[in-house]
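Below, each chain spelled out in residue letters.
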Amino acid sequence: MTVADLDARMGSAELTEWMAVEKITGPLGRRRHDIQAATIASTIANANRGKGKKFEVRDFLPAYGLERQGPRDMLAVIRGINKSMGGVEHARRDD
């Protein structure tokens, strides 16, 4: 469906309601593959972790309905996960 088709078939009020639902529950439709990706990510992380905390699927799911993280915040989370798993960062830091 194109944007023009959507505009012709759905009013502003209905679109706003769907936007609110998606903000609370997470993506609708095909984009909902986040759960599948998080399942794979947690499986890989657990298979490669040392002794310590077992990763859960929810550790890899985006937090919908909350304020979005900026790139620096996301990078800090990734670095924390890498460090907790005994990883070493070899890339140049620009921050």
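Rules behind the numbers
- Residues numbered from 1 in each chain as written.
- Predicted model: local features only at pLDDT ≥ 70, side-chain atom pairs only at ≥ 80, totals over all residues.
- Heavy atoms only, no water.
- Helix = DSSP H or I, 4+ residues; strand = E, 2+ residues; numbered from the N terminus.
- Contact = heavy atoms within 4.5 Å.
- Areas by Shrake-Rupley, 256 points an atom, 1.4 Å probe, with all protein chains shown as cover.
- Buried < 20%, exposed > 50% of the residue type's maximum accessible area, 1.4 Å probe, protein only.
- Patch = residues over 30% accessible without salt bridge, like charges linked within 9 Å, V, L, I, M, F, W, Y side chains within 5 Å.
- Salt bridge = Lys/Arg side-chain N within 4 Å of Asp/Glu carboxyl O.
- pLDDT = per-residue confidence, 0-100.
- Phe/Tyr/Trp six-rings, centres within 6.5 Å; stacked < 30°, edge-to-face > 60°.
- Expected span 1.5 Å × (residues − 1).
- Arc of directions from axis to C-beta.

**What to know about the overall build of the protein chain**
Item 1. Per the secondary structure count, the protein chain includes four helices and zero strands.
Item 2. Walking the protein chain from its N terminus toward its C terminus, one meets helices and strands in the order α-α-α-α.
Item 3. Put simply, 33% of the contacts in the protein chain that link residues at least 6 apart link residues at least 24 apart.
Item 4. Surface accessibility of the protein chain: about 8,300 Å² in total, with carbon and sulfur atoms responsible for 58%.

**A word on the side chain of Arg79**
Item 1. Mapped onto the secondary structure, Arg79 falls in helix H4 (residues 71-84).
Item 2. A relative accessible area of 19% places Arg79 in the buried class.

**Let's talk about a nonpolar patch on the surface**
Item 1. On the surface, a nonpolar cluster with roughly 260 Å² of combined accessible area is contributed by Trp18, Val21 and Leu28.
Item 2. Note that Trp18 resides in helix H2 (residues 12-25).

**Here's the deal with the confidence of the model for the protein chain**
Item 1. Mean pLDDT over the protein chain works out to 82, with 86% of the residues at or above the 70 mark.
Item 2. Summarising per-element confidence for the protein chain, the mean pLDDT is lowest in H2 (84) and highest in helix H3 (residues 34-48) (92).

**Things to note about the packing of aromatic side chains**
Item 1. For the coordinates displayed, the defined rule picks out one aromatic pair.
Item 2. Residues Phe55 and Phe60 carry aromatic rings whose centres are separated by 5.7 Å and whose planes lie at 55° to one another, so their mutual orientation is tilted.

**A word on H4**
Item 1. Taking 1.5 Å per residue as the helical rise, H4 with its 14 residues ought to reach 20 Å, and the 20 Å between its terminal C-alpha atoms agrees with that figure.
Item 2. Remark: Gly86 follows H4 within two positions and exhibits a positive phi of approximately 85°.

**A look at H3**
Item 1. With 15 residues, H3 should cover 21 Å at 1.5 Å per step; its first-to-last C-alpha distance of 21 Å lies within 8% of that length.
Item 2. Taken together, the buried positions of H3 are Asp34, Ala38, Ser42 and Ala45. Taken around the axis of H3, the buried residues stretch over an arc of 70°, which confines them to a single face. Facing away from the buried side of H3 by more than 90 degrees, the exposed set consists of Ile40, Ala47 and Asn48.

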